[in-house]
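# Structural description and commentary
Spelled out, the chains give:
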Amino acid sequence: QVQLVESGGGLVQAGGSLIVSCAASGRTFSPFAMGWFRRAPGKEREFVAAIRWSAGITYYADSVKGRFTISRDNAKNTVYLQMNSLKPEDTAIYYCAARASITLATIGRVSTYDYWGQGTQVTVSS
């Protein structure tokens, strides 16, 4: 019954910024972690960033460290990804994901997550 809905994607020039959001809905929602993944044209889905919901501990792919920031609003069941200094190689469909289980797992693996949104397109032009 958990649904994740992304929003905020769009077209931006290289060096610009965007913020994408993911709102979770359901009868009750208390994820262990939420994350952002992306799928660039012709490439496999890859990890971008994640946050442990209660502790607020964040994780980032090396390719986005220092440029992207993940955050959450627990009261709104919403996770955000602030993207700065965007590059053409950041062009991708961005997906949010949620993990329900507290069982130890690798936070950057696709298989770690139980629920997925439909994705939002981010295009960075040069």
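Reference entry: report on the structure contained in this document. (Residues numbered from 1 in each chain as written. Predicted model: local features only at pLDDT ≥ 70, side-chain atom pairs only at ≥ 80, totals over all residues. Heavy atoms only, no water.)

## Quick notes on the nonpolar core
Formed by 34 residues in total, the largest nonpolar core has its most connected members in Trp 36, Val 48, Phe 68, Val 79, Leu 81, Met 83 and Tyr 94. Of all elements in the fold, only β3 (18–25), β4 (33–39), β5 (46–52), β7 (68–73), β8 (78–83), β9 (92–99) and β11 (120–125) reach the threshold of two or more residues within this core. Excluding residues that lie within four positions of it along the chain, Tyr 94 makes contacts with Glu 6, Trp 36, Phe 37, Arg 38, Val 48, Phe 68, Leu 81, Met 83, Gly 119, Thr 120 and Val 122. (Core = buried A, V, L, I, M, F, W, Y, C linked by side-chain atoms within 4.5 Å. Buried < 20%, exposed > 50% of the residue type's maximum accessible area, 1.4 Å probe, protein only. Helix = DSSP H or I, 4+ residues; strand = E, 2+ residues; numbered from the N terminus. Contact = heavy atoms within 4.5 Å.)

## What about the pattern of salt bridges?
Evaluated as defined, the whole model comprises 4 salt bridges. Salt-bridge contacts for Arg 38 lead to Asp 90; the nearest nitrogen and oxygen are separated by 2.9 Å. Here Arg 38 is found in strand β4, whereas its partner Asp 90 is found in the loop between β8 and β9, with 52 residues between them in sequence. In this structure Arg 38 comes out as buried when scored by relative accessible area, which is 6%. For Arg 67, the salt bridge identified is with Asp 90, shortest N-O distance 2.8 Å. Placement of Arg 67 in the loop between β6 (58–60) and β7 and of Asp 90 in the loop between β8 and β9 is noted, with a sequence separation of 23 residues between them. (Salt bridge = Lys/Arg side-chain N within 4 Å of Asp/Glu carboxyl O.)

## What about the pairing of β4?
Within a regular strand, the side chains alternate between the two sheet faces. Counting buried residues in β4 gives 6 out of 7 residues, a clear majority hidden from the surface. Judged from the 6 bridges that link them, β4 and β5 form a sheet pairing that is antiparallel. If you follow Arg 38 over to β5, its bridge partner there is Glu 46. Between the end of β4 and the start of β5, which pair antiparallel, lie 6 residues, with Gly 42 showing a positive phi angle near 75°. In terms of strand pairing, β4 meets β9 through 7 bridges, oriented antiparallel. Within the sheet, the bridge partner assigned to Trp 36 lies in β9 and is Cys 96. (Pairing = 2+ DSSP bridges.)

## Focus: the side chain of Thr 91
Its location among the elements puts Thr 91 in the loop between β8 and β9. A distance of 2.9 Å separates the side chain of Thr 91 from the backbone oxygen of Pro 88, its partner in a polar contact. Non-local contacts of Thr 91, meaning those with residues more than four positions away in its chain, are made with Ala 40, Pro 41, Gln 121, Val 122, Thr 123 and Val 124. (Polar contact = N/O pair within 3.5 Å; in protein donor to acceptor, adjacent residues only side chain to side chain.)

## Comments concerning the pairing of β8
Sheet topology places β3 next to β8; 6 bridges connect them, and they run antiparallel. Within the sheet, the bridge partner assigned to Leu 18 lies in β8 and is Met 83. Two strands pair when backbone bridges link them, and β7 and β8 are joined in this way by 6 bridges, in the antiparallel orientation. Bridge pairing links Thr 69 to Gln 82 in β8. Once β7 ends, the chain turns through 4 residues before running back antiparallel as β8, passing Asn 77 with a positive phi of about 50°.

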